[in-house]
Amino acid sequence: MHVEIWHNPACGTSRNTLALIRNAGIEPVIVDYLRAPFDRQQLAQAIADAGLSVRDAIRSKQPEYMALGLADPALTDDALLDAMLANPVLIERPLVSTPMGVRMCRPSERVLEILPPCDTPFAKEDGEVVIDASGKRAG
């Protein structure tokens, strides 16, 4: 199965999502989007495929968000995409694409919606159990 993750290794949610993919026995294509940015069409298509608005796909807690005045509701999607392309740190992560769909994996266990069933136990970095010892999804 081809799986691609737009990953930031400094992000715990992104690391947990990557670990969940690997726990399912899949080695994904890892796109370090902070180092290898993509073009406008790729970004816009991934956001649309995930069922998000452009505003939903922007990291509003980043200092750059406020510094660039991106909270202004009058800004168009094109203006927000421009800001995201110029400052990739503003792109919400992790974004995962599989043949089963595209998801913004926040929380990280959202990735399970687009992976084949997996009953291998898994706990996040902080110890939170996602798949318990009996192979059932926790929570």
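Residues numbered from 1 in each chain as written. Predicted model: local features only at pLDDT ≥ 70, side-chain atom pairs only at ≥ 80, totals over all residues. Heavy atoms only, no water.

Chemist: Is there a simple way to explain the nonpolar core in this structure?
Modeler: Nonpolar side chains tend to gather and get buried jointly when the protein is soluble and globular. Residues Trp6, Leu43, Ile58, Leu70, Met84, Leu90 and Leu95 are the most contacted members of the largest nonpolar core, which totals 22 residues. In terms of residues, this core owes the most to one element, helix α4 (residues 77-86), which gives four residues. Counting residues in each nonpolar core, the second largest holds 15 residues, with Ile21, Ile26, Val96 and Leu112 among its members. (Core = buried A, V, L, I, M, F, W, Y, C linked by side-chain atoms within 4.5 Å. Buried < 20%, exposed > 50% of the residue type's maximum accessible area, 1.4 Å probe, protein only. Helix = DSSP H or I, 4+ residues; strand = E, 2+ residues; numbered from the N terminus.)

Chemist: Looking at this structure, how should I read the sheet that holds strand β1 (residues 4-6)?
Modeler: Two modes of strand pairing occur in sheets, parallel and antiparallel, and in both the strands are linked by backbone hydrogen bonds. With respect to topology, four strands assemble into an open sheet ordered β2-β1-β3-β4, the strand pairing being mixed. A strand with exactly one partner marks an edge of an open sheet, and here the two such strands are β2 (29-31) and β4 (101-104). In this sheet, adjacent strand axes meet at a mean angle of 15° when their direction is disregarded. Both strand β3 (residues 95-98) and β4 contribute to a ladder of four bridges, which runs antiparallel. Looking at β4, one finds that Leu95 is bridged to Met104. Helix α1 (residues 12-23) rests against β1, β2 and β3 of the sheet, and its axis sits at about 170° to β1. Across the sheet, helix α2 (residues 40-49) touches β1, β3 and β4, and the angle it forms with β1 is around 105°. (Pairing = 2+ DSSP bridges. Axes fitted to C-alpha atoms, helices over the stretch in contact; angles between N-to-C directions. Contact = heavy atoms within 4.5 Å.)

Chemist: How should the state of the cysteines be read in this particular structure?
Modeler: Each disulfide consists of a covalent bond between the sulfur atoms of two cysteine residues. In total, this model carries zero disulfides according to the counting rule given. A disulfide-free cysteine, Cys11 has its sulfur positioned 11 Å from the sulfur of Cys105, the nearest such atom. Overall, Cys11 belongs to the buried group, its relative accessible area being 7%. With no disulfide of its own, Cys118 has Cys105 as its nearest cysteine by sulfur position, at a separation of 15 Å. Among the residues examined, Cys118 registers a relative accessible area of 23% and is labelled partly exposed. (Disulfide = S-S within 2.5 Å.)

Chemist: Mind showing me how you'd approach the side chain of Asn23 here?
Modeler: Considering the arrangement of structural elements, one finds Asn23 in helix α1. Residue class for Asn23 comes out buried when judged on its relative accessible area of 18%. Discounting chain neighbours no more than four positions away, the residues touching Asn23 are Cys118, Thr120, Pro121, Phe122 and Ile131.

Chemist: Explanation requested: the pattern of salt bridges in the structure shown.
Modeler: Pairs can form between side chains of opposite charge whenever their charged atoms are close. According to the stated counting rule, one finds eleven salt bridges in the structure shown. Here Arg15 makes a salt bridge to Glu125, at a shortest N to O gap of 2.6 Å. Here the residue Arg15 occupies a position in helix α1, and Glu125 occupies one in the loop between β5 (122-123) and β6 (129-131), the gap between them amounting to 110 residues. Arg15 sits in the partly exposed class, given a relative accessible area of 31%. Ionic pairing is found between Arg106 and Glu92, a salt bridge with its closest N-O pair at 3.3 Å. Note that Arg106 is positioned in the loop between β4 and β5 and Glu92 in the loop between α4 and β3, a separation of 14 residues in sequence. One salt-bridge network, held together by shared partners, links Arg40, Asp78 and Asp82. (Salt bridge = Lys/Arg side-chain N within 4 Å of Asp/Glu carboxyl O.)

Chemist: What exactly am I supposed to notice about the packing of α2 against α4 here?
Modeler: The relative placement of two packed helices is expressed as an angle between their axes plus a distance between the axes. Contact pair α2 / α4: the axes reach a minimum separation of 10 Å and the direction vectors enclose 115°. Between α2 and α4, the angle is such that the two are roughly perpendicular. Crossing of α2 against α4: the hand is right-handed. When α2 is examined against α4, the residues Arg40, Leu43, Ala44 and Ile47 are found in contact with a partner set consisting of Asp78, Leu81, Asp82, Met84 and Leu85. (Parallel < 35°, antiparallel > 145°, perpendicular 65-115°, else oblique. Left-handed = near helix turned anticlockwise from the far one by under 90°.)

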